[in-house]
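# Structural features, examined
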Amino acid sequence: MTLQQRLDAFKAAFESGAPPYNAPREAIQTMHRATEDLRRSGLAERALKVGDLAPAFELTNQDGELVRSTDLLARGPLVITFFRGHW
Amino acid sequence: MMELEALQAVWPQLRAMGASLVAISPQLAQYGRAVRRRAKLEFDVLTDLHLRVAEAFGLAFTLPTDLKELYAAFGNTLDKFHDEPDFRLPMPARYVIAQDGRIRAADVNPDYTIRPEPQDTVAVVRELGVARSKETRS
């Protein structure tokens, strides 16, 4: 199964309102409205895109060690995934 | 989480091509450790405290009040996870950055249930490798 197929399956299960998620109809509507508002805000279109220079960063990892994008790029290409959280 | 697991599945391929892979979220390190454990990730999960990097990429947004309350009711206390009172998040985004610092692939979507396949990312990284080895030869 592709990632998108798995995401589609999750979405269908979540939005069915059935177990294990038991998502109330109202909650699903709130989520849809928020996603739609975010889409309409045009924020995604204003984010950095292909051809832009990526900003350099220095962040700590899960063990508190410093990770620098310049160090990673000195070794090869860098893939970054921004995600919401562990929840 | 599903996207992170899918990226873990291609991490050996990316690493073999000399690429790095990092996941970035506004969460404190302890939650990063929880993600890595749960999703069995072998790549780093970085803490973007106060979403400074997400802002630099243009990805940060504040949740509307009703969704904030809903998340809090679900136990998703983002104020605690992020050590800031604002319920802000990055839009889901995947970038491939070439060694010159230029972005070669960007996938940003306000809807976290629509994400690109990890193999698309592998293909971009492979192209970069091919381009580089051509440069070295000429």
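Just so you know, the residues in each chain are numbered from 1, in the order the chain's sequence is written. Here the convention is simple: chains get letters from A, ligands get numbers from 1, in the order in which they are written. Restriction of local features to residues with pLDDT of at least 70 applies here, the model being predicted, together with a cutoff of 80 or more for giving and counting side-chain atom pairs; totals for whole chains, interfaces and linings are based on all residues. With hydrogens and water excluded, all non-hydrogen atoms of the structure serve as input to the side-chain values.

Turning our eyes to something else, we now look at the pattern of salt bridges. Residue and element names in this part refer to chain A. Throughout this description, the term salt bridge denotes a Lys or Arg side-chain nitrogen within 4 Å of a carboxyl oxygen of Asp or Glu. Within the structure shown, the criterion is met by 13 salt bridges over all chains. Between Glu 36 and Arg 40 there is a salt bridge; the shortest N-O distance is 3.7 Å. Here Arg 40 and Glu 36 lie together in helix H2 (residues 25-41), a separation of 4 residues that amounts to about one turn. Salt-bridge contacts for Arg 68 lead to Glu 58; the nearest nitrogen and oxygen are separated by 3.2 Å. Placement of Arg 68 in strand E2 (residues 66-68) and of Glu 58 in strand E1 (residues 58-60) is noted, with a sequence separation of 10 residues between them. Working definition: with a 1.4 Å probe on protein chains only, accessible area under 20% of the residue-type maximum means buried, over 50% means exposed, and in between means partly exposed. With relative accessibility at 33%, the residue Arg 68 sits in the partly exposed group. Linked by salt bridges that have partners in common, Glu 36, Asp 37, Arg 39 and Arg 40 make up one network. To qualify as a helix, a DSSP run of H or I must reach at least 4 residues; to qualify as a strand, a run of E must reach at least 2; elements of each kind are numbered from the N terminus.

Okay, the environment of B:Phe61 next. Note on placement: B:Phe61 falls in strand E3 (residues 60-62). Expressed as a C-alpha distance, the spacing of B:Phe61 and B:Leu89, which sit 28 residues apart in the sequence, is 5.6 Å. Working rule for contacts: check all heavy atoms of both residues, and any pair within 4.5 Å makes them a contact. Once residues lying within four places of it in the same chain are set aside, the contact partners of B:Phe61 are A:Leu38, A:Leu43, B:Phe87, B:Arg88, B:Leu89, B:Pro90 and B:Met91.

Attention shifts here to the interface of chain A and chain B. Listed as interface residues are 50 residues of chain A and, on the opposing side, 79 residues of chain B. Joining two parts hides part of their accessible area as seen by a 1.4 Å probe, and the buried area is that hidden amount summed over both. Taken together, the two surfaces of chain A and chain B that pack against each other cover about 6200 Å², and 66% of this comes from carbon and sulfur. Across the salt bridge formed by A:Arg33 and B:Asp66, the nearest N and O atoms sit 3.2 Å from each other. Any N or O atom pair separated by 3.5 Å or less is treated as a polar contact, with the protein-specific requirement of one donor-capable and one acceptor-capable atom, and with residues adjacent in sequence counted only for side-chain atom pairs. Between the two partners, chain A and chain B, sit 28 residue pairs in polar contact (both at pLDDT 80 or more). Looking at the side of chain A that touches chain B, the elements with two or more residues in it are helix H1 (3-15), H2, helix H3 (43-46), E1, helix H4 (69-75) and strand E3 (78-82) of chain A. It is H2(A) that contributes the most residues to the side of chain A that touches chain B, 8 residues altogether.

Here we come to the packing of aromatic side chains. Residues and elements named next belong to chain B. Two rings from Phe, Tyr or Trp (for Trp, the six-membered ring) form a pair when their centres are within 6.5 Å of each other. A pair whose planes differ by under 30 degrees is stacked, one over 60 is edge-to-face, and the rest are tilted. Evaluated as defined, the whole model comprises 8 aromatic pairs over all chains. Geometrically, the ring pair formed by Tyr 31 and Phe 81 is tilted, given 4.8 Å between the ring centres and 55° between the ring planes. Of this pair, Tyr 31 sits in helix H2 (residues 29-39) while Phe 81 sits in helix H5 (residues 78-82), and the two are 50 residues apart along the sequence. Like Tyr 31, the residue Phe 81 is buried in the burial classification.

Before going further, it helps to spend a moment on helix H1 (residues 2-16) of chain B. Compared with the 21 Å implied by 1.5 Å per residue over 15 residues, the 23 Å span of H1(B) between its first and last C-alpha is a close match. At B:Val10, H1(B) is bent by approximately 45°, the largest bend along its length, and proline B:Pro12 sits one to four residues beyond. To estimate the expected span of a helix, subtract one from its residue number and multiply by 1.5 Å. Note on bend: at a given residue it equals the angle between the axes fitted to the 7 residues ending there and to the 7 starting there.

Attention now goes to the side chain of A:Thr30. With respect to the helices, strands and loops of the structure, A:Thr30 is situated in helix H2. Residue A:Thr30 is classed as buried on the basis of its relative accessible area of 9%. Among residues more than four places away in sequence, those in contact with A:Thr30 are B:Asp66, B:Leu67 and B:Leu70.

The biggest cluster of nonpolar side chains holds 46 residues, and the ones touching the most others in it are A:Phe82, B:Phe57, B:Leu59 and B:Tyr95. Counting residues in each nonpolar core, the second largest holds 21 residues, with B:Trp11, B:Leu14, B:Val122 and B:Leu128 among its members. Nonpolar core, defined: a set of buried Ala, Val, Leu, Ile, Met, Phe, Trp, Tyr and Cys residues in which side-chain atoms within 4.5 Å join the residues together.

Per-residue confidence for chain B averages 93 on the pLDDT scale, and 99% of its residues sit at or above 70. Two summary scores accompany this predicted model of the complex, namely pTM at 0.94 and ipTM at 0.94. Known as pLDDT, the predictor's per-residue confidence is scaled from 0 to 100.

Attention now goes to the pairing of strand E2 (residues 44-47) of chain B. A pair of strands is labelled paired if DSSP reports no fewer than 2 bridges between them. One ladder, built from 4 bridges, connects strand E1 (residues 20-25) of chain B with E2(B); its direction is parallel. Each bridged residue has a counterpart across the sheet, and for B:Ile24 the counterpart in E2(B) is B:Leu46.

Moving on: the packing of H2(A) against helix H4 (residues 65-74) of chain B. All axes are obtained by fitting lines to C-alpha atoms, using only the stretch in contact for helices, and the reported angles, taken between N-to-C directions, cover 0 to 180 degrees. Two numbers describe how H2(A) lies on H4(B): the axes approach to 9 Å, and their chain directions differ by 135°. Classified by the interaxial angle, the pair formed by H2(A) and H4(B) is oblique. For the pair H2(A) and H4(B), the crossing hand works out as left-handed. Contacts from A:Ala27, A:Thr30, A:Met31, A:Arg33 and A:Ala34 in H2(A) reach B:Asp66, B:Leu67, B:Leu70, B:Tyr71 and B:Phe74 in H4(B). Among the residues forming the contact of H2(A) with H4(B), the class breakdown is 7 nonpolar, 1 polar and 2 charged. Angular relationships are summarised with four words: roughly parallel below 35 degrees, roughly antiparallel beyond 145, roughly perpendicular across 65 to 115, and oblique for the angles in between. Helix crossings fall into two classes, left-handed where the near helix is turned counterclockwise from the far one by less than a right angle and right-handed where it is turned clockwise. For this classification, the nonpolar set comprises Ala, Val, Leu, Ile, Met, Phe, Trp, Tyr, Cys and Pro, the charged set comprises Asp, Glu, Lys and Arg, and every other residue, Gly included, is treated as polar.

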